[in-house]
Amino acid sequence: MNEVTTADAQQVEQQKPQPDQVPARATPRPVVQAGGTISAMIPTDIDQAFRLANAIAMSGMAPKAYGTDPNKCFVGILAGAEVGLAPFTALQSIAVIGNNPAIWGDGALALIQSSGLLVDIEETDDGDTATCTMYRKGKPTPITRTFSMDDAKKAGLAGKSGPWSQYPQRMRQMRARSWAMRDGFADVLKGLHIAEEVRDRPGMADGGDISSKPHRLSSAMLAQQAGTVVDQPIDLHDGDGVVIGAEEPEQGRADEDHGDQFDGNEPEREDEAAIPRWHADVQRITDDLYTAQTMADIKAAGAELDKVRVTLPEAEAARLDRLIGDAKTAFQAKGA
Amino acid sequence: MTPIISAPGAYADIPMADYHRAANLLPGPSLSSSGAKTILSQSAFHFWADSPMNPDRPEEDSAPHFAVGKAAHDLLLLGGDWKRAYHVLPEGFAWNKTKAMPEEIAAAEHARAKGKTLIKHDDMQLVERIADRIGANPAARNALVNGIPEMTLAWQDAETGVWLRARPDFLPYSVINGDEIRVVSDLKFMASSHCSPSGFSRALANFGYHQSCAFYADGIKAIYGREPTHWLFIVVEKDDPHSVSLYTLPPADLARGRHQNRKAINLFAECLSRGTEAQHWPAYTAEPEMVGLPAWARKAIDTYGSLQEAALISATEGE
């Protein structure tokens, strides 16, 4: 009895973990578990979400709009979580267009269907107008929205290159559906826009910002920037003072043509160097006004201004007009 | 050495040579758009080698080479200043006509000594033809008036604090004044193959013009508080018939350029923080790296056995 007890005690002693003792046998293999439910991996806190975003971004398998930016993926996962989408589904269903998350039409319909609030959906198209009618649980009035080619024309979509030319019927249907979904199931979509609709807004398709400047540049805009409307071709050599090339040397030698007496430091040439050309005119008229002795001098400056007015930016002409007005007032006051 | 520019801002009077080569242009080494492109397309070491940090930096060719594109570009943008940089040789000029043209030869020698670019009479006619062609396009002309050429912009990167610099060919007053429409134009003289929309699209990728635009945009934003609203390329064909085309850069490609620039600026800042000596600016790889066949070649070999067979089979498959 006593021996047994000792043996037991020894056994117990041997089983106690010894800090410097390597276990004689490898740890038993974990038991293979079966019968678990397949479910999405859902992060439960911000760190987990970010790690997941990082992993997806690093894998290079996130949709193109997210690139390899873990921050964008993180925002996509967050936006999806708010409407009940699992992380990877969220990235597939939510597009970031112009920095705003928006859900693709199919994803939005999936959300609404899984919410259990959609009783039925009817979609028709008569070749010109698409109609989408949705029946919502607990709401007797159906939600009906239409989108016609006339609407598409007004919105500048009809004939636009891309899907509006290739699949107009599908695009009409998506637009009618997106309006019905947004109006009838705002609580499910929680303010998410529909990607197809957002993408059609001017300047949004390629990541532009809708609040920014007009996307397409036109000749009229260039003319506006130039401050003058140039609708006729300009001949550079007609002496209109735009840009004159180097003179033809064989027409007789002038020193400056050969550059030998001209090193760029001559003060008398400064006016020629002024860019733009009108700058010199403005300077000259301003100087004339500051040195005007008589009313005739002021009027002469005014006449000079009228001669070059068309070449000046509006603001400069207005400034000179003000200066002339001030000079006249001052001169009259002095005379009085 | 006192820096030429000591504070962020726009400077109109910095000589081109100083902008490109002066070691004391700014309080510290700086990165330009072309530097950023070198860092990305080649390596930090290549950038270092052609920067003032390299004590043995190769000398720039002192006699400026004549380039029709550059001369026409300058003729349009520099206006009256053009003659300060160029000297046109008279018709029939030859350096050995010492008896017939002694004055002309003396003038040309003097101009060359001043660092001016010499242009032959015939070449000048070509320059004028090209400039005329641009002048005949009202939109192109409008894009190139009412602004300041060759403005030097210097600013510090908000993220890393390093000095950045840019020198847009032409900065319109609309940008400086913060007008509603702010179009920055870039005149490009291109080989005929790069002038069509598809050709220019390839040129954008090959030469990284979108990166330059993004770089300039950041500089303009840092200094004037607002970015340009549009980027316009005025693409002029170098050879006959000198077509002039106007292409704008899509905002998304500007964003791509900005993304690439960020990588370059960060790498520049990282190397600079380690030092200005060559060993701190790594070339392509420091450790042995695996370099294999391109994906298309792998696929061709895996599918057809060899590239030759792939070519023969592809040729018949297309029928």
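Scroll up to find the structure this text is about.
The notes below deal with the structure included here. (Residues numbered from 1 in each chain as written. Chains lettered and ligands numbered in written order. Predicted model: local features only at pLDDT ≥ 70, side-chain atom pairs only at ≥ 80, totals over all residues. Heavy atoms only, no water.)

## Some remarks on the overall build of chain A
Our working rule: Each helix is a run of H or I in the DSSP string that is no shorter than four residues. Each strand is a run of E no shorter than two, and both are numbered from the N terminus. Relative accessibility decides the category of a residue: with a 1.4 Å probe and only protein chains considered, values under 20% of the type maximum give buried, values over 50% give exposed, and everything between is partly exposed. Any two residues having at least one pair of non-hydrogen atoms within 4.5 Å are treated as being in contact. Under the convention used here, a 1.4 Å probe and the Shrake-Rupley method define accessible areas, while residue burial counts only the protein chains that appear.
Looking only at helices and strands, chain A features 16 helices and 6 strands. Taken across its 336 residues, chain A has 34% of its residues classed as buried. Considering only intrachain contacts with a sequence separation of at least 6, the fraction spanning at least 24 residues in chain A is 48%. For chain A, the accessible area works out to roughly 21,100 Å², and carbon and sulfur atoms hold 53% of it.

## Notes on the side chain of B:Ser30
All names here are of chain B. Keep this limit in mind: Residues adjacent in sequence count toward polar contacts only when both atoms are side-chain atoms; beyond that, a polar contact is any pair of N or O atoms within 3.5 Å, and within protein one must be able to donate a hydrogen and the other to accept it.
Tracing the backbone shows Ser-30 in strand S2 (residues 30-32). Only 2.9 Å separates the side chain of Ser-30 from the side chain of Arg-165, close enough to count as a polar contact. With residues up to four places along the chain from it excluded, the contact list for Ser-30 reads Phe-47, Trp-163, Arg-165 and Phe-268.

## Observations concerning the nonpolar core
The condition that has to hold: The nonpolar core is taken to be a set of buried Ala, Val, Leu, Ile, Met, Phe, Trp, Tyr and Cys residues, with the residues joined through side-chain atoms within 4.5 Å.
Counting residues in each nonpolar core, the largest one holds 57 residues, and the members touching the most others are B:Phe200 and B:Trp231. When residues in this core are grouped by element, the largest group, 7 residues, is from helix H11 (residues 209-224) of chain B. Apart from residues lying up to four places away in sequence, B:Phe200 is in contact with B:Met190, B:His194, B:Tyr209, B:Phe233, B:Val235 and B:Tyr247. Counting 39 residues, the second largest nonpolar core, distinct from the first, contains A:Met134, A:Met149, A:Ala180 and A:Val188.

## Quick look at the pairing of strand S5 (residues 143-148) of chain A
Residue and element names in this part refer to chain A. Our working definition: Two strands are counted as paired when DSSP detects at least two bridges linking them.
The pairing of strand S4 (residues 129-136) with S5 spans 6 bridges and is classified as antiparallel. Bridge assignment links Thr-129 to a residue of S5, and that residue is Ser-148. Counting the residues in the hairpin turn of S4 and S5 gives 6 residues, including Gly-138, whose phi is positive at 80°.

## Quick word on helix H6 (residues 102-113) of chain B
Owing to its 3.6 residues per turn, the α-helix aligns residues three or four sequence positions apart on the same side. Counted only if it meets this: To estimate the expected span of a helix, count its residues, drop one, and scale the result by 1.5 Å.
Taking 1.5 Å per residue, 12 residues should reach 16 Å; H6(B) reaches 16 Å between its end C-alpha atoms and fits that length. Directly beyond the C-terminal end of H6(B), a positive phi value near 85° is found at B:Gly115.

## A look at the pattern of salt bridges
All names here are of chain A. Note the following rule: Definition used for salt bridges: Asp or Glu carboxyl oxygen within 4 Å of a side-chain nitrogen of Lys or Arg.
Summed over the entire model, instances satisfying the criterion amount to 18 salt bridges over all chains. Among the ionic pairs, Arg-177 bridges to Glu-123, the shortest N-O distance being 2.8 Å. With Arg-177 in helix H8 (residues 168-184) and Glu-123 in strand S3 (residues 118-125), the pair connects residues that are 54 residues apart, well separated along the chain. Under the relative-accessibility criterion, Glu-123 is labelled partly exposed at 30%. One network of salt bridges, with partners in common, ties together Asp-106, Glu-123, Arg-170 and Arg-177.

## Things to note about the sheet that holds strand S2 (residues 100-103) of chain A
Residues and elements named next belong to chain A. Counted only if it meets this: Here, axes are lines fitted to C-alpha atoms. For helices the fit covers the stretch in contact, and angles between N-to-C directions go from 0 to 180 degrees.
In spatial order, the strands read S1-S2-S6; together these 3 strands make up an open sheet with mixed pairing. Lying at the two open borders of the sheet, with one neighbouring strand each, are strand S1 (94-97) and strand S6 (193-194). Taken strand by strand, helix H5 (residues 105-114) contacts S2 and S6, and its axis lies near 65° from that of S2.

## Considerations on the packing of aromatic side chains
Worth spelling out the cut-off: Any Phe, Tyr or Trp ring, taking Trp's six-membered ring, that has another such ring centre within 6.5 Å forms a pair; planes under 30 degrees apart are called stacked, those over 60 apart edge-to-face, and the others tilted. Lysine NZ or arginine CZ positioned within 6 Å of the ring centre and within 35 degrees of the ring normal marks a charge as sitting over the ring.
Considering all chains together, one arrives at 13 aromatic pairs over all chains under this definition. Judged by centre distance (5.9 Å) and plane angle (35°), the ring pair of B:Phe47 and B:Trp281 falls under tilted. Here B:Trp281 lies in the loop between helix H12 (251-274) and helix H13 (295-304) and B:Phe47 lies in helix H3 (residues 44-49), a separation of 234 residues in the sequence. Under the relative-accessibility criterion, B:Phe47 is labelled buried at 9%. Linked through ring pairs, B:Phe200, B:Phe207, B:Tyr209, B:Phe233 and B:Tyr247 together constitute an aromatic cluster. Here the guanidinium or amino end of A:Arg175 rests over the ring plane of A:Phe147, the centre of that ring lying 5.3 Å away. Lying across the ring of B:Tyr209, B:Lys188 places its NZ or CZ 4.0 Å from the centre.

## Let's talk about the packing of helix H2 (residues 33-41) of chain B against H12(B)
Residues and elements named next belong to chain B. Defined as follows: Angle categories: roughly parallel below 35 degrees, roughly antiparallel above 145, roughly perpendicular from 65 to 115, and oblique for all the rest. Under the scheme applied, nonpolar residues are Ala, Val, Leu, Ile, Met, Phe, Trp, Tyr, Cys and Pro; charged residues are Asp, Glu, Lys and Arg; polar residues are all the others, including Gly.
The interhelical angle for the contact between H2 and H12, taken along N-to-C directions, is 85°, at an axis separation of 9 Å. Classified by the interaxial angle, the pair formed by H2 and H12 is roughly perpendicular. Residues Ala-36, Ile-39 and Leu-40 of H2 touch H12, and the partners they reach there are Gln-260, Asn-261, Lys-263, Ala-264, Leu-267 and Phe-268. Counted by class, the contact of H2 with H12 contains 6 nonpolar, 2 polar and 1 charged residues.

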